[in-house]
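# Fold and contact review
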Amino acid sequence: MTSGLWKLVLEGIWVTVQLLFLSALLAGAMSFLAGIARTSRRWIVRFLAGFYTEVFRGTSALIMIFWVYFVLPLAFGWQLVPLWAGTLALGLTYGAYGSEIVRGALNAVDPAQREGGIALSFTPWQRMRLILLPQAVPEMIPPFSNLLVELLKGTALVSVMGMGDLTFSANLVRLALQQSAEVYTYVLLIYFVIAFLLTRLMRGLEKRLRAGIGKEPERGTAAREPKRAATTGVGAGAGAAAGGGAS
């Protein structure tokens, strides 16, 4: 490949990384908002969160991209640029899947932890922030890692809007060189490398979070500190919060 074609591929990689980052931020925010809302005691909050989850989980990400990019302008009279249209469609779609991860992890926390927070007169938000989330978040990391890789692969769908992501750029290179096998092999390897780096990053984050609540010691501390059970007391952050609240 010539330097110009390589530059085109590199620009496509950069666009894909930007789209992945932005849509992952939106998906993460929607995952926690909808997931926590689905554990609310108020039925209207649970209903709205469940409605969002079912709508976006039950529709095609490709059709959602078409709808955001082509239908929204007809309804509201303004056109989103492809990057923001892709971010909105992918972020909302994968956020719906992520909300189930959050809801399941929160419901998996030992009920005794909630009861301990109630005994300490914590508000529902304090129980969520200081007791439930510190224990639930480490359990969310492995499924979130899989979801992030799926989101990476989903970014290829934005090429249908003519957005210059990796897939779109690679197709232009293929047409220029008339070498489908070589070009698409390179693209497969690039996606694999990005996905591999993402999983390594998420695995490191998981280890640090588990070490923070005493479930798994950080590297180099295993010989000095015994493992502590995560369900001791009323949660990893409850003891510190109780001490702070008493002062």
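A quick note: this is a predicted structure, and the numbers were derived from the prediction, not measured.

### Focus on the overall build of the protein
Looking only at helices and strands, one finds nine helices and zero strands in the protein. Written out in order from the N terminus, the α and β elements of the protein read α-α-α-α-α-α-α-α-α. Within the protein, buried positions represent 39% of all 247 residues. Pairs at least 24 apart in sequence give 73% of the contacts found in the protein among residues at least 6 apart. Surface summary for the protein: the accessible area is close to 13800 Å², and the carbon and sulfur share equals 66%.

### Side note on a nonpolar patch on the surface
Residues W43, I44, V45, F47, L48, F51 and V55 make up a contiguous nonpolar surface patch of roughly 700 Å² in combined accessible area. Topologically, I44 is positioned in helix 2 (residues 43-57).

### Points about the packing of helix 7 (residues 166-177) against helix 8 (residues 180-212)
At their nearest, the axes of helix 7 and helix 8 sit 9 Å apart, and the two run at 160 degrees to each other. Relative to helix 8, the element helix 7 lies roughly antiparallel. Considering the relative orientation of helix 7 and helix 8, their crossing is right-handed. Contacts between helix 7 and helix 8 involve L166, T167, A170, N171, V173, R174 and L177 on the former and, on the latter, S180, V183, Y184, V187, I190 and Y191.

### Considerations on the side chain of S31
Its location among the elements puts S31 in helix 1 (residues 3-37). Side-chain polar atoms of S31 contact the backbone oxygen of G95, separated by 3.4 Å. Beyond its immediate sequence surroundings of up to four residues, S31 is in contact with Y94, G95, G98, S99, V102 and F144.

### Regarding the packing of aromatic side chains
Enumeration according to the criterion identifies nine aromatic pairs in this entry. Between F32 and F144 the ring centres are 6.2 Å apart and the planes differ by 25 degrees, which places this aromatic pair in the stacked class. Residue F32 is located in helix 1, and its partner F144 is located in helix 6 (residues 124-154); the two are separated by 112 residues in the primary sequence. Classification of F144 by relative accessible area gives buried; the value is 14%. Centroid distance F66 to F70: 5.9 Å. Interplanar angle 35 degrees. Geometry classified as tilted. Of this pair, F66 and F70 both sit in helix 3 (residues 61-76), separated by four residues, roughly a single helical turn. By relative accessible area, F66 is classed as partly exposed at 29%. Residue F70 is classed as partly exposed on the basis of its relative accessible area of 44%. An aromatic cluster of at least three residues, connected via ring pairs, comprises F66, Y69 and F70.

Procedures and definitions
- Residues numbered from 1 in each chain as written.
- Predicted model: local features only at pLDDT ≥ 70, side-chain atom pairs only at ≥ 80, totals over all residues.
- Heavy atoms only, no water.
- Helix = DSSP H or I, 4+ residues; strand = E, 2+ residues; numbered from the N terminus.
- Buried < 20%, exposed > 50% of the residue type's maximum accessible area, 1.4 Å probe, protein only.
- Contact = heavy atoms within 4.5 Å.
- Areas by Shrake-Rupley, 256 points an atom, 1.4 Å probe, with all protein chains shown as cover.
- Patch = residues over 30% accessible without salt bridge, like charges linked within 9 Å, V, L, I, M, F, W, Y side chains within 5 Å.
- Salt bridge = Lys/Arg side-chain N within 4 Å of Asp/Glu carboxyl O.
- Axes fitted to C-alpha atoms, helices over the stretch in contact; angles between N-to-C directions.
- Parallel < 35°, antiparallel > 145°, perpendicular 65-115°, else oblique.
- Left-handed = near helix turned anticlockwise from the far one by under 90°.
- Polar contact = N/O pair within 3.5 Å; in protein donor to acceptor, adjacent residues only side chain to side chain.
- Phe/Tyr/Trp six-rings, centres within 6.5 Å; stacked < 30°, edge-to-face > 60°.

Such coordinate-based values are descriptive only and should not be taken to indicate function.
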